[in-house]
Amino acid sequence: MKRVMFVCKKNSARSQMAEGFAKTLGKGKIEVISSGLEASVVRPEAIATMKEIGIDITDQTSKPLSDFQAEDFDVVISLCGCGVNLPPEWVVREVFEDWQLDDPAEQPEIFPRVRDEIKERVTQLIKSLTEESAPVG
């Protein structure tokens, strides 16, 4: 089972929503966690926006990337363009992508749009990871 790390600047909104989607949509298919270049708190707007579509992320907490080891993950996804600031060992994993999504913390009215973009990308990611590991034959 592939292990996925979603990372953002503060692990407060985008990466938290991605973790919520991946845990829900990828249950039994991938293992997932999120972190930030620095830890903060999960934004209430992120919790509310996810709750609107039936996903509860209230138990998720903001965690610093420094709490984790790069070699424990197969896939690293940056959601904010922060890939350039990641330690080199994080960008050389089996899969590394930098999604560069708009920051809803700066404009709370875009939370629903960003959430929907994250759902679409997480859905594609899970599909690509589970197709890769499917037995051939």
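To keep things clear, this report deals only with the structure shown in the data block. (Residues numbered from 1 in each chain as written. Predicted model: local features only at pLDDT ≥ 70, side-chain atom pairs only at ≥ 80, totals over all residues. Heavy atoms only, no water.)

Considering the overall build of the protein
In terms of regular secondary structure, the protein is built from four helices and four strands. The C-alpha radius of gyration computed for the protein amounts to 14 Å, which stays within 12% of the reference 14 Å derived for 137 residues, consistent with globular compactness. Viewed in the frame of its principal axes, the protein has a C-alpha envelope of about 45 × 30 × 25 Å. Evaluated residue by residue, the protein yields a buried proportion of 45% over its 137 residues. Within the protein, contacts between residues at least 6 apart in sequence are counted, and of these 67% link residues at least 24 apart. Looking at the protein as shown, the accessible area adds up to about 7100 Å², and 48% of this sits on carbon and sulfur atoms. Side-chain charges of the protein comprise 17 positive and 24 negative groups, with the mean position of each set lying 3 Å from the other. (Helix = DSSP H or I, 4+ residues; strand = E, 2+ residues; numbered from the N terminus. Rg over C-alpha atoms; globule rule 2.2 N^0.38 Å. Buried < 20%, exposed > 50% of the residue type's maximum accessible area, 1.4 Å probe, protein only. Contact = heavy atoms within 4.5 Å. Areas by Shrake-Rupley, 256 points an atom, 1.4 Å probe, with all protein chains shown as cover. Lys, Arg positive; Asp, Glu negative; His and termini not counted. Charge placed at Lys NZ, Arg CZ, Asp CG, Glu CD.)

Some details on the pattern of salt bridges
All told, the structure shown has ten salt bridges when counted by the stated rule. We note a salt bridge from Glu94 to Lys2, for which the minimum N-O separation is 2.4 Å. You can see Glu94 sitting in the loop between α3 (88-91) and β4 (95-98) and its partner Lys2 sitting in strand β1 (residues 2-8), a full 92 residues away along the chain. With a closest N to O distance of 3.2 Å, Glu52 and Arg115 form a salt bridge. Taken together, the residues Glu52 in the loop between α2 (44-51) and β3 (75-78) and Arg115 in helix α4 (residues 111-132) connect sequence positions 63 residues apart. Glu52 gets classed as exposed once you look at its relative accessible area, which sits at 58%. When salt bridges with common partners are traced through the structure, they connect Glu19, Lys23 and Lys63 into a single cluster. (Salt bridge = Lys/Arg side-chain N within 4 Å of Asp/Glu carboxyl O.)

So, unusual backbone geometry
The phi torsion at Asn11 lies on the positive side, around 55°, for a residue other than glycine. Along the chain, Asn11 turns up in the loop between β1 and α1 (14-25).

What about the sheet that holds β1?
Here we have four strands laid out as an open sheet, ordered β2-β1-β3-β4, and parallel in their pairing. At either end of the open sheet lies a strand with only one pairing partner, and these are β2 (30-36) and β4. Sheet twist, expressed as the mean angle between neighbouring strand axes with direction ignored, is 15°. Two strands pair when backbone bridges link them, and β1 and β2 are joined in this way by seven bridges, in the parallel orientation. Residue pairing across strands places Val7 opposite Ser35, the latter belonging to β2. Against the sheet, α1 engages β1 and β2, with an angle of about 170° to β2. (Pairing = 2+ DSSP bridges. Axes fitted to C-alpha atoms, helices over the stretch in contact; angles between N-to-C directions.)

Quick word on the nonpolar core
The biggest cluster of nonpolar side chains holds 32 residues, and the ones touching the most others in it are Val4, Phe6, Leu79, Ile118 and Val122. Looking at this core, the elements that each hand over two or more residues are β1, α1, β2, α2, β3 and α4. Looking at which element gives the most residues to this core, the answer is α4, with seven residues. Not counting residues up to four positions away in its chain, the partners in contact with Val122 are Phe6, Ala18, Phe21, Ala22 and Trp99. (Core = buried A, V, L, I, M, F, W, Y, C linked by side-chain atoms within 4.5 Å.)

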